[in-house]
Amino acid sequence: MKASSIDMQVENRTFFKRFDVNFALVILALNVIGLINLYSATNSASSTMSRLFTQQLMWLTLGWGLFFLTTLVDYKFFKRAAFIFYGINILMLILVAFKGKTYYGAQRWLDLGFFRYQPSETMKLATVLVMARVLSRYDVHKGLGLKELLVPLGITAVPFVLTVRQPDLGTALLILAISVSMLLFVGVRKHILIFAAVTAMIAAPMVWNFGLKQYQKNRILTFLDPSKDPRGTGYNSIQSKIAVGSGRVLGKGFRKGTQ
């Protein structure tokens with residue numbers, strides 16, 4: 001009985017050691033702020049729009065449940081399962097190319113019956129896990145060299161190419177950004193960074209002229225100047241500016257927004 005009590009105390013200490021209260025409070029605060037703003041923006045709108053609040057609340061509840069369950073799992077499990085999770089996601093991305101559903105000109109989803117699954121989204125998490133496992137093996141003080149970069153770059157290139165082919169350039173760039181940010185955090189030798197920067201500048205015009213499709217170019221141009229397509233891809237950006245400008249510092253008030 002005494003030994004059991006000691007084991008329980010150790011287990012409780014382990015749980016609270018894993019659980020970052022400050023981090024959880026920050027997430028909760030962001031969730032509450034988001035829900036308040038969503039309710040304010042959609043409550044006076046149509047019934048279809050008002051359902052967004054209820055749906056968001058349901059997804060947040062599910063998300064918090066998964067958050068607490070994940071906290072209970074030893075991080076070593078994720079380390080061991082990283083390559084398995086990565087491999088499954090790669091297979092799902094390949095499956096999308098053959099069995100994926102096409103919406104708005106892009107083949108990105110797998111129809112599982114009760115919901116549509118987009119493998120490129122879970123690929124972001126898989127990239128974080130597998131990159132963390134690979135980079136944890138390196139012990140370099142001068143930064144990663146070319147030899148150490150081969151495996152991480154290969155891990156990134158496969159999902160990047162598969163996602164670009166869907167086509168989903170935005171998500172592919174996010175996967176690339178995740179890997180690059182992790183590499184920079186670990187450290188890369190200066191001459192490699194300089195070479196990469198010069199190569200990117202030289203390749204940029206060729207990618208623009210031959211690599212990007214017209215709708216992708218239009219999105220970039222509209223991002224830089226939303227007025228080029230005020231009723232299309234630039235609509236949200238323009239409405240955001242109007243909302244901030246008309247509300248100023250304190251806003252128009254709860255449920256009084258016009259945009």
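Residues numbered from 1 in each chain as written. Predicted model: local features only at pLDDT ≥ 70, side-chain atom pairs only at ≥ 80, totals over all residues. Heavy atoms only, no water.

Draft legend 1. Structural view of the overall build of the protein chain. For the protein chain, the count of helices and strands is 10 helices and 3 strands. The secondary structure elements of the protein chain, listed N-terminal to C-terminal, are α-α-α-α-β-β-β-α-α-α-α-α-α. Sorting the 259 residues of the protein chain into buried and exposed places 25% on the buried side. A sequence separation of at least 24 residues applies to 60% of the contacts in the protein chain between residues at least 6 apart. Split by element, the accessible area of the protein chain, about 18600 Å² in all, is 67% carbon and sulfur. (Helix = DSSP H or I, 4+ residues; strand = E, 2+ residues; numbered from the N terminus. Buried < 20%, exposed > 50% of the residue type's maximum accessible area, 1.4 Å probe, protein only. Contact = heavy atoms within 4.5 Å. Areas by Shrake-Rupley, 256 points an atom, 1.4 Å probe, with all protein chains shown as cover.)

Draft legend 2. Here's a closer look at the packing of aromatic side chains. For the coordinates displayed, the defined rule picks out 5 aromatic pairs. Measuring from ring centre to ring centre gives 5.2 Å for Tyr39 and Phe53, while their planes differ by 70 degrees; the resulting arrangement is edge-to-face. With Tyr39 in helix α2 (residues 21-42) and Phe53 in helix α3 (residues 47-72), this residue pair connects regions lying 14 residues apart in the sequence. Centre to centre, the rings of Trp64 and Phe67 are 5.3 Å apart; their planes meet at 75 degrees, and the pair counts as edge-to-face. Placement of both Trp64 and Phe67 in helix α3 is noted, with a separation of 3 residues, approximately one turn of the helix. Each residue in the set Trp64, Phe67 and Phe68 is aromatic and connected to the rest through ring pairs, giving one cluster. (Phe/Tyr/Trp six-rings, centres within 6.5 Å; stacked < 30°, edge-to-face > 60°.)

Draft legend 3. A look at the nonpolar core. Tyr86, Met123, Met131, Leu135, Leu149, Ile155 and Leu183 are the most contacted members of the largest nonpolar core, which has 18 residues in total. Contributions of two or more residues to this core are made by α4 (75-99), α5 (119-135), α6 (146-164) and α7 (169-186). Sorting elements by how many residues they give to this core places α5 first, with 6 residues. When near neighbours in sequence (up to four residues on either side) are disregarded, Met131 contacts Pro152, Ile155, Thr156, Ser179, Met182 and Leu183. (Core = buried A, V, L, I, M, F, W, Y, C linked by side-chain atoms within 4.5 Å.)

Draft legend 4. Examining the pairing of strand β2 (residues 106-111) more closely. In this sheet, strand β3 (residues 116-117) lies alongside β2 in antiparallel orientation, the contact comprising 2 bridges. Counterpart to Asp111 in the pairing with β3 is Arg116. Count of turn residues in the β2/β3 antiparallel hairpin: 4 residues, of which Gly113 carries a positive phi of about 95 degrees. (Pairing = 2+ DSSP bridges.)

Draft legend 5. Main features of the packing of α6 against α7. Interaxial distance between α6 and α7 falls to 8 Å at its minimum, and their mutual angle equals 170 degrees. Classified by the angle between their axes, α6 and α7 sit roughly antiparallel to one another. Taken together, the residues of α7 that come into contact with α6 (itself represented by Leu149, Pro152, Leu153, Thr156, Pro159, Phe160, Thr163 and Val164) are Leu169, Thr171, Ala172, Leu173, Ile175, Leu176, Ser179 and Leu183. A breakdown of the residues in the contact of α6 with α7 according to their chemical character gives 12 nonpolar, 4 polar and no charged. (Axes fitted to C-alpha atoms, helices over the stretch in contact; angles between N-to-C directions. Parallel < 35°, antiparallel > 145°, perpendicular 65-115°, else oblique. Nonpolar A, V, L, I, M, F, W, Y, C, P; charged D, E, K, R; others polar.)

Draft legend 6. A look at helix α9 (residues 214-224). When α9 is considered as a whole, its buried residues turn out to be Gln216, Lys217 and Thr222. For α9, the elements touching its buried residues are α7 and α8 (190-211).

Draft legend 7. Expanded view of the packing of α5 against α6. Across the interface, α5 lies against α6 with an axial gap of 10 Å and an inter-helix angle of 175 degrees. Between α5 and α6, the crossing angle belongs to the class labelled roughly antiparallel. From α5, Ser120, Met123, Val130, Met131, Val134 and Leu135 reach across to α6, where they touch Val151, Pro152, Ile155, Thr156, Pro159 and Thr163.

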